[in-house]
Amino acid sequence: MTGDDCRDLLALAVEVAREAAATARGMRAGPVEAVATKSTDTDVVTAADRAVERQVRTALLAARPGDSLLGEEYGQAAEPAPGAVRWILDPIDGTVNYLYGLPEYAVSLAAEVDGTVVAAVVHQVVTGDEWTAVLGGGAWRGGRRLTGSRERSLGQALVATGFGYDPARRAHQAAVLGGVLPRVRDIRRFGAASLDLCRAAEGLVDAYYERGLNPWDLAAGGLVAAEAGLRVAGLAGVPAGQDMVVAAPPALFDPLHDLLVELDAAAGP
C-alpha cells in the first residue's frame, strides 16, 4: 500500500470520525443511561456506543464495500482477505466518562492492512481535538507534528495509566501502581486509552502503560504514539497487546519497562 493510499484512508477516517463525534455529542445532549454491561457490572455500554458504531460501519462500507470492520460493540463478521483493509473502531472510547458527562471520551478509528495499522484518527468529542497519523508519515495534531516528551528521567515523568473492570485485575493493577508511584513524578488516569496514547505522543504526559487493552483501544492511538517517535511495545520483547502496552520516548521506555517487569505488571488475572 502506497503513501497516497494511506493518506486516502486517513482522509476517509477523519471524515467518518467527525460525523460520528457529532452523533455522540448530539446523543449526549439528552439523558444518557447504561443500556447493558459487558465483562462486569461496571463495564457499561450506552445506546450511543451502538448507534455510533452502526453509523461508522455503514459509512465506511458504503465508501469501500470490500473492507471489513472490527468494532467494540458488534465485533467482526469475517476475517479480511489478504491485502484488504480492516477498520478498527472504538465508537466511544471512555464510555464511563461519557455516561457521567466528563469530557474525556473520543472516537478512535484506524485502518489496518495485513495486521499493520496504516492510518489512524482519534477525535475527542467534546473539544474537537484531533490526532492523526499515517504509517511512515508522522503523527499530527492540527498542523503540528508530534514528537513526544523530552523528559529523560523516569523520576521526573508524568505517567498515564488505566485499569480493567474485573475486580481481581484491578487489585493487581493497584498493587503495581503502588510500586510505580514512588518512582515517578506522578500518575494520571483519564479513562480513555486512545487519548492517553495521543497525550503521550504530544508530550502532555511523558509516558503511558496499561494492561488489558483490546485492539480497538490500541490501534489508532498506538499508531499516533509510534509515529511521534515513541516506543510502543509490551514487556520482555512481547508486542503491545492485552498483556501490556508501554508507550514512552526511548529515554524513558527502558526504565519504565524494567520497573513494570520488576513489579510483575503483566501477571495476575
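S.K.: Can you break down the sheet that holds strand 5 (residues 106–113) residue by residue, with the values?
M.R.: Sheet architecture is open: seven strands sit in the order 3-4-5-6-7-8-9, paired in mixed fashion. At either margin of the open sheet sits one strand with a lone partner, and together these are strand 3 (68–71) and strand 9 (144–145). Direction of pairing for strand 6 (residues 116–124) relative to strand 7 (residues 130–134): antiparallel, over a ladder of five bridges. When the bridges of strand 7 are listed, Ala 120 appears paired with Ala 133. Those strands touched by helix 2 (residues 47–63) are strand 3, strand 4 (85–93) and strand 5, and its axis lies near 155° from that of strand 4. Strands in contact with helix 6 (residues 215–227) are strand 3, strand 4, strand 5, strand 6, strand 7 and strand 8 (139–141); relative to strand 6, the strand with the most contacts, it is inclined by about 100°.

S.K.: Now, about the sheet that holds strand 10 (residues 158–161): what can you tell me, with residues and values included?
M.R.: Taken in spatial order, the five strands line up as 11-10-12-14-13 in an open sheet, and their pairing is mixed. Sheet topology places strand 11 (186–188) and strand 13 (231–233) at the edges, where each strand pairs with a single neighbour. With strand direction ignored, the average angle separating the axes of adjacent strands in the sheet is 15°. By the bridge criterion, three bridges tie strand 12 (residues 207–210) to strand 14 (residues 245–248) in an arrangement that is antiparallel.

S.K.: Hey, could you go over the nonpolar core for me, with residue numbers and the actual values?
M.R.: Ranked by size, the top nonpolar core spans 34 residues in total, and within it Val 122, Trp 131, Leu 146, Tyr 208 and Val 224 carry the most contacts. Sorting the residues of this core by element identifies strand 5, strand 6, strand 7, strand 10, helix 5 (193–202), helix 6 and strand 14 as the ones contributing at least two each. At seven residues, helix 6 tops the list of elements feeding residues into this core. Residue contacts for Val 224: discarding those within four places in its chain leaves Trp 131, Thr 132, Ala 133, Ala 139, Leu 146, Cys 198 and Ala 201.

S.K.: Which residues make up the environment of Glu 151, and what values go with them?
M.R.: Relative to the helices and strands, Glu 151 is located in the loop between strand 9 and strand 10. Residue class for Glu 151 comes out partly exposed when judged on its relative accessible area of 23%. In sequence terms Glu 151 and Leu 197 are 46 residues apart; their C-alpha atoms lie 16 Å from each other. Contacts of Glu 151, omitting those with residues within four sequence positions, involve Gln 156, Ala 157, Asp 206, Ala 251 and Leu 252.

Conventions and cut-offs
Residues numbered from 1 in each chain as written. Predicted model: local features only at pLDDT ≥ 70, side-chain atom pairs only at ≥ 80, totals over all residues. Heavy atoms only, no water. Pairing = 2+ DSSP bridges. Helix = DSSP H or I, 4+ residues; strand = E, 2+ residues; numbered from the N terminus. Contact = heavy atoms within 4.5 Å. Axes fitted to C-alpha atoms, helices over the stretch in contact; angles between N-to-C directions. Core = buried A, V, L, I, M, F, W, Y, C linked by side-chain atoms within 4.5 Å. Buried < 20%, exposed > 50% of the residue type's maximum accessible area, 1.4 Å probe, protein only.

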